[in-house]
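Here is how the chains run, residue by residue.
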Amino acid sequence: RHTRCSRDWSSDVCSSDLPGLRAVVALVEVDRGELDRRIDARVARMMAGGLVEEARGLLERGVGPGEPGMTGVGYREIVAHLRGEVTAEEAAERIRRATRAYAKRQGTWFRNQLAGAVVRIDGSAPLPERVERVVRAWLAQSSPGGVEP
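I tried to follow the nonpolar core on my own but got confused; where do I start?
In globular proteins that are soluble, nonpolar side chains generally tend to be buried together. With 16 residues, the main nonpolar core has Val43, Leu51, Met70, Tyr75, Ile78 and Ile95 as its most contacted residues. Where this core is concerned, the elements lending two or more residues are helix H1 (32–48), helix H2 (51–60), helix H3 (75–82) and helix H4 (88–113).

Take a look at the structure:
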């Protein structure tokens, strides 16, 4: 069983093989400064959490640097470090830069593909508020006239 939506994801109506299934498309948005801070913190956690050792172990076990999984953001930059092409800090900076570029592409994709009915969520709001916003939007779908309860 599957759900069929319009190809461009902008339709607010999807057909489903599951009768009565209602879905809400929610887009969590974070301002650029906050996103950059989160990316910096994530890369720091990855480096402190053993990314270099993990990549080294995979290479030692015969996983090639061009194999699926090793070409993603993070591993690609750490492989360059392990080859002596860049320092660990340069690799971390490359990871931050590549992650920011990826986040920018995602934002562009979402803006272009989710032009229709989408619930926009402030990613800086407390989690209970974000959850409540999505739940209210979901409940509004089944209310007469689409009015939130």
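Read on, since the account is not over.
I'm lost on H4 in this one. Help?
Note: α-helices contain 3.6 residues per turn, so residues at a spacing of three or four share the same orientation. Between its terminal C-alpha atoms H4 stretches 37 Å, which fits the 38 Å expected from 26 residues at 1.5 Å a residue. Within the span of H4, buried status applies to Ala91, Ala92, Ile95, Arg96, Ala98, Thr99, Arg100, Ala103, Gly107 and Gln113. Contacts from the buried residues of H4 go to H1, H2 and H3.

Just checking my understanding: could you explain the pattern of salt bridges for this structure?
Opposite charge on two side chains permits them to pair, given that their charged atoms come into close proximity. In total, this model carries 9 salt bridges according to the counting rule given. The partner of Arg100 in a salt bridge is Asp36, with the nearest N and O atoms 2.9 Å apart. Placement of Arg100 in helix H4 and of Asp36 in helix H1 is noted, with a sequence separation of 64 residues between them. Residue Asp36 is classed as partly exposed on the basis of its relative accessible area of 23%. Via salt bridges that share partners, Glu34, Arg37 and Arg38 belong to a single interconnected network.

Please clarify how the packing of H2 against H3 should be interpreted in this entry.
Helix-helix packing: each pair is described by the crossing angle between the helix axes and the interaxial distance. Put simply, H2 and H3 touch, their axes get as near as 10 Å, and they point 80 degrees apart. Between H2 and H3, the angle is such that the two are roughly perpendicular. Contacts between H2 and H3 involve Leu51, Val52, Glu54, Ala55, Arg56, Leu58 and Leu59 from the first element and Tyr75, Ile78, Val79, His81 and Leu82 from the second. Counted by class, the contact of H2 with H3 contains 9 nonpolar, 1 polar and 2 charged residues.

Would you take a moment to explain the side chain of Glu77 for this structure?
Relative to the elements of secondary structure, Glu77 occurs in helix H3. With sequence-adjacent residues up to four places away left out, Glu77 is seen in contact with Gly72, Val86, Ala91, Arg94, Ile95 and Ala98.

How each quantity is defined
Residues numbered from 1 in each chain as written. Predicted model: local features only at pLDDT ≥ 70, side-chain atom pairs only at ≥ 80, totals over all residues. Heavy atoms only, no water. Core = buried A, V, L, I, M, F, W, Y, C linked by side-chain atoms within 4.5 Å. Buried < 20%, exposed > 50% of the residue type's maximum accessible area, 1.4 Å probe, protein only. Helix = DSSP H or I, 4+ residues; strand = E, 2+ residues; numbered from the N terminus. Expected span 1.5 Å × (residues − 1). Contact = heavy atoms within 4.5 Å. Salt bridge = Lys/Arg side-chain N within 4 Å of Asp/Glu carboxyl O. Axes fitted to C-alpha atoms, helices over the stretch in contact; angles between N-to-C directions. Parallel < 35°, antiparallel > 145°, perpendicular 65-115°, else oblique. Nonpolar A, V, L, I, M, F, W, Y, C, P; charged D, E, K, R; others polar.

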